[in-house]
Amino acid sequence: MSTDLLKIYERLGAIARDALNYAMSIVEPGMPILELCEKVENRIRQSGAKPAFPVNISINEVAAHYTATIGDKSVIPKGAVVKIDLGAHIDGYIVDTAVTVTFNQMYNQLIKASMKALEAAQLSMRPGATLTSIGAQIERAIRSFGFKPIKNLSGHLIRRYVLHAGKSIPNYDNGDRQKIVEGEVYAVEPFSTNGAGYVDDGPQVTIYHLFKNPSPKDPHYDLLSYISSEIGPLPFTPRWLVPRFGEGVGNVISELFMKDYIYGYPVLIEHGKGLVAQVEDTFIITRDGAIPVVNVLSLLK
């Protein structure tokens, strides 16, 4: 990896770390989720990057993919387990990171299980290590606390403008013998739960991405071309489009999703309605091991 690219990741790591730290400092029971999402996304923009995807605020049994909707009235519940998952990018180079906070001390061990799993993953990530061996370390750490890993969620290889670039870092020993390669960049995100250990697609979709170049013949071409030019292939939320297209844009996006012009990410819910904790960092693979870009674990200690 070039020196210039390393400098970009160093800057992104600082921006993402600041945004996470800011989010942790302001989140509290009763806070509107819309306010939290918008404040954190604006923090990223003000720092000189762009959100790589809408800030995810996933609460209790919701594992991932919930971001505030247009006019969202929901708030952070008392005693909740709150996952704050955010991404930042500069010119398509992406850092992806997450923390979990709770307002009930009885769930601290659930968060600690994901922390220890991330630490174990970092120690096992080096060129030549198999993906399954990393997953085994994650699973072992989570189970040592008496919890389960979520098996159908995983970390992922990141490439420029591509959040999920093919290889996956499993949260358990899944038998994948593909190997880690020097110079690769991975987001690793252990999910721990006291539930069933896997997630289902919920009925709600709050995050989308454009998966093909728009044509002038497409319905709502102006909207699609705006998404293509301003957001590109990265995930977005309809509320980002309100300043230009008005609040009715949410209905238009739903229509385009139903007609397969855009892809939607369903909100993911733990099958047994168990609580879910997530801790995530982005790692650069060097010949000596994995370098954390955000160093998220130090924020939680």
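Residues numbered from 1 in each chain as written. Predicted model: local features only at pLDDT ≥ 70, side-chain atom pairs only at ≥ 80, totals over all residues. Heavy atoms only, no water.

Enquirer: Could you clarify how one ought to interpret the environment of Arg287 in this entry?
Expert: Structurally, Arg287 can be placed in the loop between β13 (281-286) and β14 (289-292). Using a relative accessible area of 67% as the deciding quantity, one classes Arg287 as exposed. Sequence separation between Arg287 and Val181 is 106 residues; the distance between their C-alpha atoms is 8.7 Å. Discounting residues that sit within four places of it in the chain, Arg287 has contacts with Pro127 and Glu182. (Helix = DSSP H or I, 4+ residues; strand = E, 2+ residues; numbered from the N terminus. Buried < 20%, exposed > 50% of the residue type's maximum accessible area, 1.4 Å probe, protein only. Contact = heavy atoms within 4.5 Å.)

Enquirer: How should the environment of Asp91 be read in this particular structure?
Expert: Topologically, Asp91 is positioned in the loop between β3 (81-90) and β4 (93-102). Sequence separation of Asp91 and Tyr161 is 70 residues, and the distance between their C-alpha atoms is 8.1 Å. Excluding anything up to four places from it in sequence, Asp91 contacts Arg160 and Tyr161. Side-chain polar atoms of Asp91 contact the side chain of Arg160, separated by 2.8 Å. (Polar contact = N/O pair within 3.5 Å; in protein donor to acceptor, adjacent residues only side chain to side chain.)

Enquirer: Just to check I follow, could you spell out the sheet that holds strand β1 (residues 50-59) for this structure?
Expert: Two pairing modes exist for strands in a sheet, parallel and antiparallel, and in both the strands are linked by backbone hydrogen bonds. The three strands lie next to each other as β1-β3-β4, forming an open sheet whose pairing is antiparallel. Of all the strands in the sheet, the pair left with one neighbour each is β1 and β4. Between one strand axis and the next, the sheet turns through 10 degrees on average, direction left out of account. Pairing of β1 with β3 involves seven bridges; the strand directions are antiparallel. Following the sheet pairing, Asn56 is matched in β3 by Asp85. On top of the sheet, helix α1 (residues 3-26) reaches β3 and β4; it is set at about 25 degrees to β4, its chief contact. Against the sheet, helix α2 (residues 33-46) contacts β1 and β3, and its axis sits at roughly 155 degrees relative to β1. (Pairing = 2+ DSSP bridges. Axes fitted to C-alpha atoms, helices over the stretch in contact; angles between N-to-C directions.)

Enquirer: Would you mind going over the sheet that holds strand β11 (residues 262-270) with me for this structure?
Expert: Pairing within the open sheet is antiparallel, and its three strands lie in the order β2-β11-β10. Two strands in the sheet have a free side with no partner beyond their single neighbour: β2 (62-64) and β10 (199-210). Averaged over all pairs of adjacent strands, the angle between strand axes in this sheet comes to 35 degrees, irrespective of strand direction. As paired strands, β2 and β11 are joined by two bridges and run antiparallel to one another. Bridging across to β11, Val62 finds its partner in Ile269. Its contacts with the sheet put helix α7 (residues 249-258) on β10 and β11, and the angle it makes with β11 is roughly 95 degrees.

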